[in-house]
Amino acid sequence: MEECIFCKIINKEIPAHIIYEDENNLAFLDVNPRCKGHTVVIPKEHAKNPFGLSDESLKLLFVATKKTMQRIDEKLKPDGYNVGWNQNSAGGQVVPHMHVHILPRWRDDGGGNMHSIVNHPGDETVEEVAKYFNAQ
Ligand code: 5GP
Ligand code: ZN
């Protein structure tokens, strides 16, 4: 997509610190890092989120994410990771090109975990929510 900033990085129209690249995916350091080595992994195909990508593209993105993490592991030796993506504006997505955030973590970095993203379970019980899925 012409005006997409991540497509411009893919096309090398704007610079980025690329730490992994293969035929289908690219990983580069986040320009505004939340931790040392904060990286985003993107498919070269423009799509806003996983619903716009084929299963095959998603498999390759997941493998590229693992390979990028292995590279970070080797060079920065973090103690752990949080990995995921913000989907749609309600989920905090700003750049409308699918990107997996890799957040390397250190034991004493003072950060949180997935549970610190939101705490708003709503009025329905877990059993009531399960009924939407006909889940036992
Ligand atoms: P999200 O859309 O999931 O909120 O996050 C977008 C991420 O992309 C942010 O962490 C932001 O710092 C990063 N970002 C936005 N524009 C650029 C850019 O031009 N270069 C790089 N390297 N990162 C960017
Ligand atoms: Zn794009």
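This report concerns the structure included in the present document. Keep in mind that what you see is a predicted model, and the values were worked out from it rather than measured. Position numbers for residues count from 1 along each chain, tracking the sequence in the order it is written. Following the order in which they are written, the chains are lettered starting with A and the ligands numbered starting with 1. Confidence filtering applies because this is a predicted model: local features only for residues at pLDDT of at least 70, side-chain atom pairs given and counted only at 80 or more, and all residues used for totals across whole chains, interfaces and linings. Hydrogens and water are ignored here; the side-chain numbers use all heavy atoms of the structure.

Quick word on the coordination of the zinc ion (ligand 2)
How we decide: As a rule, N, O and S atoms within 2.8 Å of a metal are its donors, except that Na, K and Ca use 3.2 Å; water is not among the atoms, so sites may look incomplete. Irregular is the default label, applied whenever a site is not tetrahedral (four donors, all angles between 85 and 135 degrees) and neither square planar nor octahedral (four or six donors, opposite donors over 155 degrees apart, all other angles between 65 and 115). Put simply, DSSP H or I for four residues or longer makes a helix, DSSP E for two residues or longer makes a strand, and each gets a number counted from the N terminus. Relative accessibility decides the category of a residue: with a 1.4 Å probe and only protein chains considered, values under 20% of the type maximum give buried, values over 50% give exposed, and everything between is partly exposed.
Those donors, Cys4 (SG), Cys7 (SG), His46 (ND1) and His97 (ND1), are the protein atoms that reach the zinc ion (ligand 2), and they lie 2.1 to 2.3 Å from it. Around the zinc ion (ligand 2), the 4 donor atoms are arranged such that angles at the metal cover 102 to 116 degrees; this shape is classified as tetrahedral. For the zinc ion (ligand 2), the single-chain donor residues occur in sequence as C-x2-C-x38-H-x50-H. You can see cysteine 7 sitting in helix 1 (residues 5–10) and its partner histidine 46 sitting in the loop between strand 3 (39–43) and helix 2 (55–76), a full 39 residues away along the chain. Exposure remark for cysteine 7: the relative accessible area of 6% places this residue in the buried category. With a relative accessible area of 28%, histidine 46 lands in the partly exposed category.

A look at the pattern of salt bridges
The condition that has to hold: Just to be clear on terms, a salt bridge is a Lys or Arg side-chain nitrogen sitting within 4 Å of an Asp or Glu carboxyl oxygen.
Scanning the model with the defined rule gives 6 salt bridges in all. A salt bridge links lysine 44 to glutamate 21; the nearest nitrogen and oxygen atoms lie 2.8 Å apart. Of this pair, lysine 44 sits in the loop between strand 3 and helix 2 while glutamate 21 is found in strand 1 (residues 18–21), placing the two residues 23 residues apart along the sequence. Accessibility expressed as a relative area gives 26% for lysine 44, which makes it partly exposed. Here glutamate 74 and lysine 75 are joined by a salt bridge, their closest N and O atoms 3.7 Å apart. In the salt-bridge network here, residues are joined through shared partners; they are Lys12, Glu21 and Lys44.

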